[in-house]
Amino acid sequence: MSAINYAEKIPNNVNIGGDRTLQRALEHWQPRFLQWWGEMGPSDFKSADVYLRTAISVDAQGWAHYGATKMPDYRWGIFLADATPERKIGFGDAMGQPVWQQVPGEYRSTLRRLIVTQGDTEPASVEQQRLLGHTCPSMYDLRNLFQINVEEGRHLWAMVYLLHAYFGRDGREEAEELLARHSGDADKPRILTTFNEPMSDWLSLFCFTYFTDRDGKYQLKSFAESAFDPLSRTCRFMLTEEAHHMFVGETGISRVVKRTLEVMKEIGSDDPARVRAKGAVDLQTLQKYLNFWCSSSLDLFGSEISSNSAAAFASGMKGRPDETQYEDHVLRSSVFEMTLPDEKKEQVPMLNALNEVMRESYLKDCEIGLKRWNRMIERAGHALRLTLPSSRFRRSIGPWAGVPVDPQGKPLEKSLYEKRLSEWIPSPSDRAFVQSLMQRVIEPGKMAGWIAPPERGINNLPVEYEYVRRRSWSSWTISPGVLPNGKSSARSTRRKRTTAA
Ligand code: BYC
């Protein structure tokens, strides 16, 4: 079952050829996807040969094949982890019963909503990152960006397969809509707010892959527990790919911190202005970017008190990540003490507090990178420590939405909050400074001045390997940067290649 059939038009390990209607529907969607990729995927690299990893089987060992591929030729397909024989529902009111191979009628619209919401984030992130190839800090990073982009494209395929195979005409219509909404589009935006945030620099990309892809890990892990077995199997395989995206985030930020510390040592100062003058990201600016992307990603867990999450858990649709680690899998008699604005404590039925339970464990997971970066800063002899913002800071969803608190979670006057916000998240001038660092570097092995080289290359190749090949870089001009919302980007003028080394 785990071998992937690449002979078919749509590579898959679920025998879609055995269901002619499904195969036709997916083959009808395929050219629309490719058109979307052409219009909304990475701009200007369609003919480049990129050293990409492609799944060849879903086994734990050796599922990846590496080789030079043009992105539009990437074999996007449908890969599910192998079925667990006799799998039983592991939580909720139906615990112990056999898992579902079809969608129960009463859960149809909720499951569809969850799958659509998950599916919507995948193309959204590709759209957000569309123009970043223009300003890559190295060829190694450029390749990693493209690896992430093609895998997000495949994750979209994963959700579209479920919609087509299990939700009939409604599912097919939703699959069309997944290509019709666009990140940042004023009329048809993506569903979740974080996926409408513009991403015009690589510091944002590293923060996004650290924080937002980590939400992806938590959501996929909770779907991996689902009683709807095809969803569980799909998400189990997606998680193997997701790990690389978080790696790009964590190592990307580590390399920024490393380079900044080198510059601080060179100039013998931790003065942010002097660090900036030397072309590095001062730690204070990095902290603002961490605050921005972490607080935005905290909203992705939904409201602290949610009847949606209670229903999804009780029915078996969505569990908690690594459900087996818990003792109580039914949660009908436990409560969660929640602190609400005005320091009011409320006893909330545990089932309704699951978004918050997940958000708390997500924040603990986020701490791991912070500890690593702070160790680097400490070893270099500096007192500053990077921190995560409080889960109350800058929230747009739940009881803390719009409540003015500082990054430590301390309430303050709204006017003071508004005045001080630019101390905590990137101001227009911080963004302009970071943007000024975004000069394209494409000579193999060379790095932009604001980031240290990675410790190793891809798949045991050296960092200097030519991971992205174009027939000619010297004649490379950038086509007008059209953002997903149809507007021209700030970098919309055609310009000649300029490289910083
Ligand atoms: N922005 O009861 P509530 C990833 C909506 S990332 C805008 O509080 P619930 C990836 C919510 O939809 C993982 N709207 O929350 C990462 C609902 O609207 P409706 C993505 C929001 O339902 C990087 C209403 O508010 N996967 O894979 O318990 C790159 C009340 O909702 C937001 C998923 O999210 C927001 N932030 O939980 C690429 C999993 N938050 O339905 C990919 C699927 C909430 O009343 N989604 N709302 O109109 C879910 O499980 C749930 O929908 C949520 C919300 C966890 C998002």
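Residues numbered from 1 in each chain as written. Predicted model: local features only at pLDDT ≥ 70, side-chain atom pairs only at ≥ 80, totals over all residues. Heavy atoms only, no water.

### Considerations on the environment of Q284
The line we're drawing: Put simply, DSSP H or I for four residues or longer makes a helix, DSSP E for two residues or longer makes a strand, and each gets a number counted from the N terminus. Here the term buried applies to any residue with accessible area under 20% of the maximum for its type, exposed to any over 50%, and partly exposed to those in between, with areas from a 1.4 Å probe on protein chains only. By definition in these notes, contact holds between two residues if any of their heavy atoms fall within 4.5 Å.
Counting through the fold element by element, Q284 comes out in helix 8 (residues 283-298). Exposure remark for Q284: the relative accessible area of 34% places this residue in the partly exposed category. Taking the C-alpha atoms as reference points, Q284 and E323, 39 residues apart in sequence, are found 38 Å from one another. What Q284 contacts, discounting residues up to four positions off in sequence, is P272 and L384.

### A closer look at the pattern of salt bridges
Applicable threshold: Salt bridges are defined by distance alone: a side-chain nitrogen of Lys or Arg within 4 Å of a carboxyl oxygen of Asp or Glu.
Applying the stated criterion across every chain, the model contains 33 salt bridges. In this structure, E262 engages R259 in a salt bridge whose closest nitrogen and oxygen atoms are separated by 2.8 Å. Placement of the pair is E262 and R259 together in helix 6 (residues 229-267), with a separation of three residues, close to one helical turn. Taking relative accessible area as the criterion, E262 reaches 32% and is therefore assigned partly exposed. Note on R259: relative accessible area 17%, which makes it buried. Here E418 makes a salt bridge to K414, at a shortest N to O gap of 3.0 Å. Of this pair, E418 and K414 are both found in helix 11 (residues 414-424), four residues apart, which corresponds to roughly one turn of the helix. K414 sits in the partly exposed class, given a relative accessible area of 49%. By sharing partners, the salt bridges in this structure join D299, E304, E356, R359 and R395 into a single network.

### Focus: the packing of aromatic side chains
In plain terms, the rule: Two rings belonging to Phe, Tyr or Trp (six-membered ring only in the last case) form a pair when the distance between their centres is within 6.5 Å. Interplanar angles under 30 degrees mark stacking, angles over 60 mark edge-to-face geometry, and anything in between is tilted.
In this structure the tally under the stated criterion is 31 aromatic pairs. Centre to centre, the rings of Y161 and Y166 are 6.3 Å apart; their planes meet at 85°, and the pair counts as edge-to-face. For the residue pair Y161 and Y166, the accessibility class agrees, reading buried in each case. Look at F393 and W424: their rings are 6.0 Å apart centre to centre, the planes differ by 85°, and that puts the pair in the edge-to-face class. Residue F393 is found in the loop between helix 10 (354-379) and helix 11, and its partner W424 is found in helix 11; the two are separated by 31 residues along the sequence.

### Observations concerning the site of the ligand
What counts here: If a single non-hydrogen atom of a residue is within 4 Å of a molecule or strand, that residue counts as near it. For this analysis, a polar contact is any N or O atom pair within 3.5 Å, provided that within protein one partner can donate a hydrogen and the other can accept it, and provided that sequence-adjacent residues contribute only side-chain to side-chain pairs. Areas reported here follow the Shrake-Rupley algorithm with a probe of radius 1.4 Å; residue values treat only the protein chains shown as occluding. Definitions used for this entry: grid spacing 1 Å over protein atoms alone; cavity, a set of points where a 1.4 Å probe fits but cannot get out; pocket, an open set with protein on both sides within 12 Å along at least 5 of 7 lines; lining residue, one with an atom within 4 Å of a point. Put plainly, a molecule is in a cavity or pocket when over half of its atoms are within 2 Å of the grid points there.
Around the ligand, the structure places 30 residues, and the nearest of them are Q118, S303, S306, N308 and K318. T121 places a polar side-chain atom, nitrogen or oxygen, 3.4 Å from an oxygen atom of the ligand. Between S303 and the ligand, the recorded distance is 2.7 Å, taken from a backbone N or O atom to an oxygen atom. A total of 1,000 Å² of accessible area belongs to the ligand in isolation, and the protein chains cover 82% of it. Most atoms of the ligand, that is more than half of them, are within 2 Å of grid points of the largest pocket.

### Observations concerning helix 3 (residues 139-166)
Using the following cut-off: A helix is expected to span 1.5 Å for every residue after the first.
With 28 residues, helix 3 extends 41 Å between its outermost C-alpha atoms, agreeing within 8% with the 40 Å of an ideal straight helix rising 1.5 Å per residue. The N-terminus of helix 3 is capped by S138, whose side-chain oxygen sits 3.4 Å from the backbone nitrogen of Y140. Two residues or fewer after helix 3 comes G168, characterised by a positive phi angle close to 55°.

### Comments concerning the packing of helix 2 (residues 108-128) against helix 3
In plain terms, the rule: Comment: axis = line fitted to C-alpha atoms, over the contacting stretch for helices; angle = value between 0 and 180 degrees taken between N-to-C directions. Every angle not falling under 35 degrees, over 145, or within 65 to 115 is termed oblique; those three ranges are roughly parallel, roughly antiparallel and roughly perpendicular. By convention, the crossing between two helices is left-handed when the near helix turns anticlockwise from the far helix through less than a right angle, and right-handed when the turn is clockwise. In the scheme used here, Gly and all other residues not listed as nonpolar or charged are polar, with Ala, Val, Leu, Ile, Met, Phe, Trp, Tyr, Cys and Pro taken as nonpolar and Asp, Glu, Lys and Arg as charged.
Contact geometry for helix 2 and helix 3: axes closest at 8 Å, N-to-C directions at 160°. It follows that helix 2 is roughly antiparallel to helix 3 by the angle criterion. You can see that helix 2 and helix 3 cross each other, and the crossing is left-handed. Residue-level inspection shows R108, R112, I115, V116, Q118, G119, E122, P123, S125 and V126 of helix 2 in contact with helix 3, the latter providing N149, E152, G153, H155, L156, M159, L162, L163 and Y166. Taken together, the residues of the contact of helix 2 with helix 3 break down into nine nonpolar, six polar and four charged.

### Structural notes on the layout of surface pockets
To be explicit about the condition: Grid points are joined across faces, edges and corners, and a volume is the space filled by probe spheres set on the points.
Roughly 790 Å³ of internal volume is contained in the largest pocket. Surrounding the largest pocket, 39 residues form its lining, T117, L192, Q219, L300 and K318 being those nearest its centre. When residues of the lining of the largest pocket are traced back to their parent elements, those giving at least two are helix 2, helix 5 (202-224), helix 9 (307-315) and helix 10. Residues of the lining of the largest pocket, tallied by class, amount to 13 nonpolar, 17 polar and nine charged.

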